[in-house]
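# A structural walkthrough
As a plain string of letters, each chain reads:
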Amino acid sequence: MSDPSRPIRTAAVIPAAGRGVRLGPGTPKALRTLGGTPMLVHAVRAMAASRAVSLIVVVAPPDGATEVDRLLHEYPLADRTDLVVVPGGRTRQESVRLGLAALPQDIDVVLVHDAARPLVPVDTVDAVIAAVRAGAPAVVPALPLADTVKQIDPRPQGTPEPVVGTPERALLRAVQTPQGFDPATLLKAHDTVVEGEGATDDAGLVERLGAPVVVVPGHEEAFKVTRPLDLVLAEAVLARRRATDGYV
Ligand SMILES: Nc1ccn([C@@H]2O[C@H](COP(=O)(O)OP(=O)(O)OP(=O)(O)O)[C@@H](O)[C@H]2O)c(=O)n1
Ligand SMILES: C[C@](O)(CO)[C@H](O)COP(=O)(O)O
């Protein structure tokens, strides 16, 4: 039985092993700079900004763990936060699984946060943690959609794709990270769900177990840096924060 007087321990796994193909050629995406600071450092700081987070596991490109570890040591965190760097895998799912394998046994809440969402505000992080602590096994921050969404019947590139349906927009949400989990539930999901079954986020793996997933409000500034225009937006948000909030 767990000791009720033991403080709750929250860890964050940050998958940062992607290449960033959609962003264009260059340095792996997580190491590209925003306002002169690597995107990964912003993401690590965003997790460390929550007073609840005491351990951060960064999942580096498979052959880049030593370099990432060295880089992160140039940007020290507050004493309350430990940092571990492990090598990642060929897919996001594999990278997250490798990050989870580095967690100690005594973690009560685990967050999974994309390095590619460097500007998530701490209030969003804390809202996700609070919902897991309140008993939800899986929590995702999400926003309503601004665009109408069509389901299509896929065709080879260059051929117009027939529309087969229009899901009711009011029932759809665009999902962000950090996603928060009861660690046993997330570990079971990663152990059970086979790669390539179409889950594009960790909550999707938990859904396949049949476990409940709940949504809390996301934030516009938690957007994912995916394409070149996202970098322009991220630089603008960062410049505004630095001018108005004293953000580093
Ligand atoms: N093998 C992989 C692939 C992705 N990621 C991480 O998963 C997050 C979300 O992925 P995405 O934005 O798609 O990043 P990339 O895979 O780098 O982008 P792209 O698909 O454009 O190459 C990123 O922080 C990315 O570093 C990872 O850790 N390991
Ligand atoms: C996890 C995620 O950020 C939730 O929106 C998203 O699914 C990652 O997708 P990607 O194509 O791997 O960037």
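Residues numbered from 1 in each chain as written. Chains lettered and ligands numbered in written order. Predicted model: local features only at pLDDT ≥ 70, side-chain atom pairs only at ≥ 80, totals over all residues. Heavy atoms only, no water.

### Quick notes on the pattern of salt bridges
To be explicit about the condition: Salt bridge criterion: a side-chain nitrogen from Lys or Arg within 4 Å of a carboxyl oxygen from Asp or Glu. Helix and strand labels come from DSSP, where a helix needs a run of H or I of at least four residues and a strand needs a run of E of at least two; each type is numbered from the N terminus. Burial classification: accessible surface area is computed with a 1.4 Å probe over protein chains only, and a residue below 20% of its type maximum counts as buried, one above 50% as exposed, and the rest as partly exposed.
Here the structure, examined in full by the defined rule, presents nine salt bridges. One salt bridge in this structure joins Arg-90 and Glu-94, with 3.6 Å as the shortest N-O distance. A salt bridge links Glu-221 to Arg-240; the nearest nitrogen and oxygen atoms lie 2.9 Å apart. With Glu-221 in the loop between β12 (214–217) and α7 (228–244) and Arg-240 in helix α7, this pair connects stretches of sequence that are 19 residues apart. Using a relative accessible area of 14% as the deciding quantity, one classes Glu-221 as buried.

### Observations regarding the environment of Pro-137
This is how the line gets drawn: Here a residue-residue contact requires only that any non-hydrogen atoms of the pair lie within 4.5 Å.
Along the chain, Pro-137 turns up in the loop between α4 (122–133) and β7 (138–144). Considering only alpha carbons, one finds Pro-137 and Gly-180, 43 residues apart in sequence, at a separation of 7.9 Å. Contact partners of Pro-137, with chain neighbours within four places excluded, come to Gly-180, Phe-181, Asp-182, Thr-185 and Pro-212.

### Section: the site of ligand 2
Just so we agree on the cut-off: Here a residue counts as near a molecule or strand whenever at least one of its heavy atoms sits within 4 Å of it. Polar contact is defined as a pair of N or O atoms within 3.5 Å, subject to the rule that within protein one atom must be able to donate a hydrogen and the other to accept it, and that residues adjacent in sequence are counted only when both atoms are side-chain atoms. Shrake-Rupley sampling with a 1.4 Å probe provides the accessible areas, and residues are treated as covered by the protein chains on show and by no other component. Each residue gets one label: Ala, Val, Leu, Ile, Met, Phe, Trp, Tyr, Cys and Pro are nonpolar, Asp, Glu, Lys and Arg are charged, and the others, such as Gly, are polar.
Taken together, the residues surrounding ligand 2 are Arg-22, Arg-92, Asp-114, Arg-117, Val-175, Thr-177, Thr-200, Asp-201 and Lys-224. Residue Arg-117 places a side-chain N or O atom 2.8 Å away from an oxygen atom belonging to ligand 2. Contacts to ligand 2 include Val-175, whose backbone N or O atom sits 2.6 Å from an oxygen atom. With the chains in place, 74% of the 360 Å² that ligand 2 exposes on its own is no longer accessible. Considered class by class, the residues forming the shell around ligand 2 number one nonpolar, two polar and six charged.

### Observations concerning the pairing of strand β5 (residues 82–87)
To be explicit about the condition: When DSSP finds two or more bridges between two strands, those strands count as paired. Assignment of crossover handedness uses the view with strands pointing away from the viewer, where a clockwise path from the first strand over the helix to the second indicates a right-handed crossover.
Of the pairings in the sheet, the one linking strand β4 (residues 53–60) to β5 comprises six bridges and is parallel in character. Of the residues in β5, the one forming a bridge with Val-57 is Val-84. Read from β4 through helix α2 (residues 65–73) to β5, the crossover connection turns out right-handed.

### Some words on the site of ligand 1
In the vicinity of ligand 1 there are 18 residues, among which Pro-15, Gly-20, Val-21, Arg-22 and Ser-95 approach most closely. In the model, an oxygen atom of ligand 1 is placed 2.7 Å from a nitrogen or oxygen of the Pro-15 main chain. The backbone of Ala-115 places a nitrogen or oxygen atom 3.1 Å from an oxygen atom of ligand 1. In the complex, 87% of the free accessible area of ligand 1, which totals 560 Å², lies under the protein chains. Split into classes, the residues belonging to the shell around ligand 1 amount to six nonpolar, five polar and seven charged.

### Brief notes about the nonpolar core
Threshold: Think of a nonpolar core as a cluster: buried Ala, Val, Leu, Ile, Met, Phe, Trp, Tyr and Cys residues, connected wherever their side-chain atoms sit within 4.5 Å.
Formed by 33 residues in total, the largest nonpolar core has its most connected members in Leu-40, Met-47, Ile-56 and Val-58. Elements supplying a minimum of two residues to this core: β1 (10–15), α1 (39–48), β4, α2, β6 (109–112) and α4. The element contributing the most residues to this core is α1, with six residues. Aside from chain neighbours lying at most four places away, what touches Met-47 is Ala-12, Ile-14, Val-53, Ile-56, Leu-111, His-113, Val-120, Val-125 and Pro-178. Counting residues in each nonpolar core, the second largest holds 21 residues, with Leu-55, Val-57, Val-110 and Val-206 among its members.

### Here's the deal with the UniProt feature "site: Transition state stabilizer" (unreviewed entry) in the chain
Applied cut-off: UniProt positions are given in the numbering used here, feature names are shortened, and annotations may be inferred rather than shown by experiment.
UniProt annotation of "site: Transition state stabilizer" (unreviewed entry) refers to Arg-22 and Lys-29 when read in the numbering used here. Position of Arg-22 among the secondary structure elements: in the loop between β1 and β2 (33–34). With a relative accessible area of 53%, Arg-22 lands in the exposed category. Beyond its immediate stretch of four places on either side in the chain, Arg-22 contacts Lys-224, Thr-226, Arg-227 and Pro-228. By relative accessible area, which is 12% here, Lys-29 ends up buried.

### Some remarks on the pairing of β7
Of all seven residues in β7, five are buried; the element is thus mostly enclosed. As judged from the two bridges shared by β7 and strand β11 (residues 179–181), these two strands associate in the antiparallel manner. Within the sheet, the bridge partner assigned to Val-139 lies in β11 and is Gly-180. Pairing of β7 with β12 involves four bridges; the strand directions are parallel. Opposite Pro-141, over in β12, you have Val-216 as the bridge partner. Bridging between β7 and strand β10 (residues 173–175) involves three bridges; their strand directions are antiparallel. Looking across to β10, one finds that Leu-143 is bridged to Ala-174.

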